[in-house]
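# Results of the structural survey
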Amino acid sequence: YASSEAWRAELNLFTKNIADDAMRLVVRNFVNGINPTETARRLRETIGTSSLAQSENLMRTIQLTSYRDSLTLYHTANADIFSHKIRIATLGERTCVSCIAQHGTRMRIDEEIKDHHRGRCSAVAVVRGMERNIQTGEVWFGQQSEASQKKIMGGAAYRAWKDDAVQLKDFVHPYENGVFGEMQREASLKGMLGAEANKYYRQKP
């Protein structure tokens, strides 16, 4: 990712001709196990014109995406002992509905784990002949308090979900990114319902 033309173009939005230095920094820190927050701080110093938030967004995404890619390669290389894998999200109020909806879903062993920028999803492989029971994100979400559900979804989306106008799976929205390819993020209520979303925005909390 760090050597792609798309990455170079993104960095050039901040400072021209900085891509090579930034690539060396990113790869060196990744190999040395330096966390993305510290790498972001050093990248910001190198670029000079980006905010820390922008640098962290780049660093967390490139490290997490690279980790997921390497995990898929590992799973695929051991397909003789793994039957499939199960997608895992970090369940909590900071987790988007798209990731919650996909938590616990079965995936092919060689299937890529698509996530959004800064996304923390991963997968666990299942050894052939062994069972692994993981509660789905839909079941987990249904067990949360109403206050937590509203905080995760937002008021309008929560009201639409309670009204059965949308399901959790509808929140999974694929999109393309120039650096990372196909990704997935939480769909907006308007994206799911169109003009029908307005009635949920107008309702009182």
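A brief report on the enclosed structure follows. As the structure is a prediction and not an experimental result, all values here were calculated from the model.

### Description of the overall build of the chain
Helix and strand counts for the chain come out as ten helices and five strands. For the chain, the C-alpha atoms occupy an extent of roughly 50 × 50 × 25 Å along the three principal directions. When burial is assessed residue by residue, the chain has 40% of its 205 residues classed as buried. Of the contacts made within the chain by residues no fewer than 6 positions apart, 60% connect residues no fewer than 24 positions apart. When the accessible area of the chain is evaluated, it comes to approximately 11500 Å², of which 49% is carbon and sulfur surface.

### Regarding the sheet that holds strand β3 (residues 122-127)
Pairing within the open sheet is antiparallel, and its three strands lie in the order β2-β1-β3. In this open sheet, the two strands that pair with only one neighbour each are β2 (106-107) and β3. Two elements, strand β1 (residues 82-88) and β2, share two bridges in a ladder whose sense is antiparallel. Its bridge partner being in β2, Lys85 is matched across the sheet by Met107. Contacts from helix α4 (residues 52-77) reach β1 and β3 within the one sheet, and its direction differs from that of β3 by about 10°.

### Re the packing of helix α2 (residues 19-31) against helix α3 (residues 36-47)
Running from amino to carboxyl end, α2 crosses α3 at an angle of 165°, the nearest separation of the two axes being 10 Å. It follows that α2 is roughly antiparallel to α3 by the angle criterion. Crossing geometry of α2 relative to α3 is assigned as right-handed. Contact residues: Asp21, Ala22, Leu25 and Asn29 in α2; Thr39, Arg42, Leu43 and Thr46 in α3. For the contact of α2 with α3, a count of residues per class yields three nonpolar, three polar and two charged.

### What to know about α4
In this model, α4 (26 residues) spans 37 Å end to end at C-alpha, consistent with the 38 Å of a helix rising 1.5 Å per residue. All of the buried residues along α4 are Ser55, Glu56, Leu58, Met59, Thr61, Ile62, Gln63, Thr65, Arg68, Leu71, Thr72 and His75.

### Regarding the side chain of His84
Its place among the elements puts His84 in strand β1. Using a relative accessible area of 12% as the deciding quantity, one classes His84 as buried. At 2.8 Å, the side chain of His84 forms a polar contact with the side chain of Ser83. Among residues more than four places away in sequence, those in contact with His84 are Arg106, Met107, Ile109, Val124, Ala125 and Val126.

### A word on the environment of Ser83
Turning to its location among the elements, Ser83 is positioned in strand β1. Assessed through its relative accessible area of 29%, Ser83 is described here as partly exposed. For the pair formed by Ser83 and Val127, sequence separation is 44 residues and the distance between their alpha carbons is 6.0 Å. If we skip the residues at most four places from it in the chain, Ser83 touches Val126, Val127 and Arg128.

### Structural notes on a nonpolar patch on the surface
A cluster of nonpolar side chains, Val27, Phe30 and Val31, forms an exposed patch at the surface whose accessible area comes to about 290 Å². Structurally, Val31 can be placed in helix α2.

### Brief notes about the pattern of salt bridges
The tally for this structure, following the rule as stated, stands at 14 salt bridges. In this structure, Arg8 engages Asp20 in a salt bridge whose closest nitrogen and oxygen atoms are separated by 2.9 Å. Within this pair, whereas Arg8 is found in helix α1 (residues 5-12), its partner Asp20 is found in helix α2, the two being separated by twelve residues in sequence. Assessed through its relative accessible area of 28%, Arg8 is described here as partly exposed. Here Lys150 ties to Glu146 by a salt bridge, and the two come within 3.2 Å at their closest N and O atoms. On the criterion of helical spacing, the pair formed by Lys150 and Glu146 is a turn pair, its members being four residues apart in helix α7 (residues 146-153). The class for Glu146 is partly exposed, based on a relative accessible area of 47%. Through salt bridges with shared partners, one network takes in Glu38, Arg41, Arg42 and Glu45.

Rules behind the numbers
Residues numbered from 1 in each chain as written. Predicted model: local features only at pLDDT ≥ 70, side-chain atom pairs only at ≥ 80, totals over all residues. Heavy atoms only, no water. Helix = DSSP H or I, 4+ residues; strand = E, 2+ residues; numbered from the N terminus. Buried < 20%, exposed > 50% of the residue type's maximum accessible area, 1.4 Å probe, protein only. Contact = heavy atoms within 4.5 Å. Areas by Shrake-Rupley, 256 points an atom, 1.4 Å probe, with all protein chains shown as cover. Pairing = 2+ DSSP bridges. Axes fitted to C-alpha atoms, helices over the stretch in contact; angles between N-to-C directions. Parallel < 35°, antiparallel > 145°, perpendicular 65-115°, else oblique. Left-handed = near helix turned anticlockwise from the far one by under 90°. Nonpolar A, V, L, I, M, F, W, Y, C, P; charged D, E, K, R; others polar. Expected span 1.5 Å × (residues − 1). Polar contact = N/O pair within 3.5 Å; in protein donor to acceptor, adjacent residues only side chain to side chain. Patch = residues over 30% accessible without salt bridge, like charges linked within 9 Å, V, L, I, M, F, W, Y side chains within 5 Å. Salt bridge = Lys/Arg side-chain N within 4 Å of Asp/Glu carboxyl O.

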